[in-house]
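Listed below are the residues making up each chain.
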Amino acid sequence: MEKTLVILKPSCVERALIGPVITRIQQRGIIISGMKMMQLDEKILREHYSHLVDKPFFPSLVASMMASPVVCMVLSGVDVVEVFRKMTGVTNGRKAEPGTLRGDFCMSGQANIIHASDSPENAQIEINRFFKPEEVFDYTPSNINFLYSADEIK
Ligand code: IDP
Ligand code: MG
């Protein structure tokens, strides 16, 4: 089953929004396959945000991502990368649609509570960056036949 890498950022952790975000993930029927708290450092953030290192806001982005521990998650589901990016909403929380996580829970373009992988290829790279293989659990939840029809997961 497809997997995506999600980070609940310091703006989520410090605002006590871990619970509400996880509730929305579970309400949607997305499977949590890995979850842990981490203190990120500059090295991993330079890799993770390598597409942004030349931006003027990069130092402030790195500082914001190190401001507290984060919660890293591996989520599983059919087409979960696309589904979860839609649930996340656009980058700037002020422009994110109501009903999305950013659109419901934040007002910032930087402190936007959540990271979500943007393609299946990047998801695999990002999962390997933040998780050891033994920290990702490929179990089948007992309610799987109520989450999907058989032909969707064959
Ligand atoms: P994404 O998180 O929606 O995929 P990216 O463009 O990959 O957006 O940017 C990564 C993160 O960098 C954003 O989530 C946000 O925290 C921060 N960021 C992006 N653009 C800006 C900006 O213009 N100002 C400040 N921070 C930004
Ligand atoms: Mg991105």
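Quick look at the structure, then. The numbering scheme is per chain: residues are counted from 1 as the chain's sequence reads. All chains are assigned letters beginning at A, and all ligands numbers beginning at 1, according to the order in which they are written. Reporting of local features is limited, given that this is a predicted model, to residues whose pLDDT is at least 70; pairs of side-chain atoms are given and counted only at 80 or more, and all residues count toward the totals for whole chains, interfaces and linings. The basis for every side-chain value is the complete set of heavy atoms in the structure, and neither hydrogens nor water enter the calculation.

So, on to the packing of helix H2 (residues 18-28) against helix H5 (residues 80-88). The axes are straight lines fitted to the C-alpha atoms, using for helices just the contacting stretch, and the angles between their N-to-C directions are given from 0 to 180°. We count a stretch as a helix when DSSP gives it H or I for four or more residues in a row; a strand needs E for two or more, and each element gets its number in order from the N terminus. Running from N to C, H2 and H5 cross one another at 135°; their axes reach a closest spacing of 12 Å. In terms of orientation, H2 lies oblique with respect to H5. Both H2 and H5 take part in a crossing whose hand is right-handed. In contact with Arg24, Ile25 and Arg28 of H2, H5 contributes Val83, Phe84 and Met87. Relative orientations are named as follows: roughly parallel for angles under 35 degrees, roughly antiparallel for angles over 145 degrees, roughly perpendicular for angles from 65 to 115 degrees, and oblique for any other angle. In this scheme the crossing of two helices becomes right-handed for a clockwise turn of the near helix relative to the far one and left-handed for an anticlockwise turn of less than a right angle. Residue contacts are defined here by distance: any two heavy atoms, one from each residue, within 4.5 Å place the two residues in contact.

Turning our eyes to something else, we now look at the site of ligand 1. Nearness is defined per residue: one heavy atom within 4 Å of the molecule or strand is enough. Contacts to ligand 1 come from Lys9, Tyr49, His51, Leu52, Phe57, Leu61, Arg85, Thr91, Arg102, Gly109, Gln110 and Asn112. Between an oxygen atom of ligand 1 and a main-chain N or O atom of glutamine 110, the distance comes to 2.9 Å. For the purposes of these results, a polar contact is taken to be a pair of N or O atoms within 3.5 Å, where, inside protein, one atom must be able to donate a hydrogen and its partner to accept one; residues adjacent in sequence count only when each atom of the pair is a side-chain atom. One of the side-chain nitrogen or oxygen atoms of asparagine 112 is found 2.9 Å away from an oxygen atom of ligand 1. Values of accessible area rely on a 1.4 Å probe in the Shrake-Rupley scheme; residue burial ignores everything except the protein chains shown. Calculation on ligand 1 without its partners gives an accessible area of 530 Å², and the protein chains cover 75% of this total. Method remark: on a 1 Å grid restricted to protein atoms, a set of points is classed as a cavity if a 1.4 Å probe fits but cannot get out and as a pocket if it is open with protein on both sides within 12 Å along at least five of seven lines; lining residues have an atom within 4 Å of a point. Each molecule is assigned to a cavity or pocket provided more than half of its atoms lie within 2 Å of the corresponding grid points. Judged by the fraction of its atoms near the pocket grid, ligand 1 is located in the largest pocket. Per-class residue counts for the shell around ligand 1 are 4 nonpolar, 5 polar and 3 charged. Put simply, Ala, Val, Leu, Ile, Met, Phe, Trp, Tyr, Cys and Pro go in the nonpolar bin, Asp, Glu, Lys and Arg in the charged bin, and everything else, Gly too, in the polar bin.

Take a probe with the size of a water molecule and roll it over the atoms, and the empty space left behind shows itself. Grid points are joined across faces, edges and corners, and a volume is the space filled by probe spheres set on the points. Here the largest pocket is characterised by a volume of approximately 510 Å³. Surrounding the largest pocket, 22 residues form its lining, Tyr49, His51, Leu52, Arg85 and His115 being those nearest its centre. Of all the secondary-structure elements, those providing two or more residues to the lining of the largest pocket are helix H3 (42-48), strand E4 (114-116) and helix H7 (120-130). For the lining of the largest pocket, the element with the most residues is H7, which contributes 4 residues. Residues belonging to the lining of the largest pocket are distributed by class as follows: 6 nonpolar, 9 polar and 7 charged.

So, to be careful, I would describe these as geometric facts and stop short of saying anything about function.
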